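# Structural features, examined
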Amino acid sequence: MLLKFLAEFIGTMMLIILGDGVVANVTLNKSGMKGAGSIQITLAWGLAVMVPAFIFGTASGAHFNPALTIALAIDETLPWAEVPIYIIGQFAGAIVGACIVYLMFKDQFDATDDPGTKLGVFSTGPSIPNLPRNIFCEAVATFVLVFAIKGIGQVTGIAGGLSNVFVFGIIVSIGMSLGGLTGYALNPARDIGPRIAHQFLPIKGKGDSNWGYAIVPILGPIIGAIVAVLLYQVIPWTV
């Protein structure tokens, strides 16, 4: 159990360091890659998922995502008794990862005036605020993620580690197709953990943490993930 906690903690920490790190790298003033754009962010987020997945796939399944963990418990892939340790590790790793990003980019945060840009390094937000539709968008995007992850099992002859490359492709596809709507959190820990860090870190001129939006990256991904595994279960894959 300790190994699974450490895998989810360190893996999620790495995910946030690389994922939030690319947003800081591309959006904050005085960064050497400022202005590189959404393509770099989208590709880097896919890699941010893939890299720790290669390391921790065998140890814990490399969830790094409470919505996925809950969904896999519902379809009995994961015992419910293990869910709390997974989720605690995921949120703790996300918070620590976000704090590390702040420490690395502190000078760039100090050089950036816009509070929204600073918050955007840590957490997601909608291009057009509309909570019901924003929740729907996150649910659909996470449905695609989880259904596709389950569907990798239908690929015959795939080597174990190669499945992580498929996950990279899934994340990039979702980001490029749907990312402009809500920032494609897909993962409550990925958004809420860094949002907690943003709330408490001494970021110069940081502004509000926008907790009114937090229901979207919590509820949307959980709904989408659950629908994905329930639908996957009822499809007659073998004939």
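Basis of the calculations
Residues numbered from 1 in each chain as written. Predicted model: local features only at pLDDT ≥ 70, side-chain atom pairs only at ≥ 80, totals over all residues. Heavy atoms only, no water. Helix = DSSP H or I, 4+ residues; strand = E, 2+ residues; numbered from the N terminus. Rg over C-alpha atoms; globule rule 2.2 N^0.38 Å. Buried < 20%, exposed > 50% of the residue type's maximum accessible area, 1.4 Å probe, protein only. Contact = heavy atoms within 4.5 Å. Areas by Shrake-Rupley, 256 points an atom, 1.4 Å probe, with all protein chains shown as cover. Lys, Arg positive; Asp, Glu negative; His and termini not counted. Charge placed at Lys NZ, Arg CZ, Asp CG, Glu CD. Phe/Tyr/Trp six-rings, centres within 6.5 Å; stacked < 30°, edge-to-face > 60°.

### Looking at the overall build of the protein
Summing up its helical and strand segments, the protein has 10 helices and 0 strands in all. Listing every helix and strand of the protein by position from the N terminus yields α-α-α-α-α-α-α-α-α-α. Rg of the C-alpha trace for the protein: 17 Å, near the compact-globule value of 18 Å for 239 residues, within the 12% margin. Along the first, second and third principal axes, the C-alpha set of the protein runs to 60 × 40 × 30 Å. Taking all 239 residues of the protein together, 49% fall into the buried category. Pairs at least 24 residues apart make up 76% of the contacts formed inside the protein by residues separated by at least 6 positions. Surface accessibility of the protein: about 10,600 Å² in total, with carbon and sulfur atoms responsible for 70%. Separation of charge centres in the protein, based on 11 positive and 12 negative side chains, amounts to 7 Å.

### Considerations on the packing of aromatic side chains
Aromatic ring pairs: the centre-centre distance and the angle between the two ring planes describe each pair. Per the stated rule, a full pass over the model turns up 6 aromatic pairs. Ring centres 6.1 Å apart and planes at 15° place the aromatic pair F5 and F9 in the stacked group. Of this pair, F5 and F9 are both found in helix α1 (residues 2-27), 4 residues apart, which corresponds to roughly one turn of the helix. Measuring from centroid to centroid gives 4.8 Å for Y232 and W237, while their planes differ by 35°, and the two rings are tilted. You can call W237 partly exposed: its relative accessible area is 37%. Put simply, the rings of F143, F147, Y232 and W237 pair up and form one aromatic cluster.

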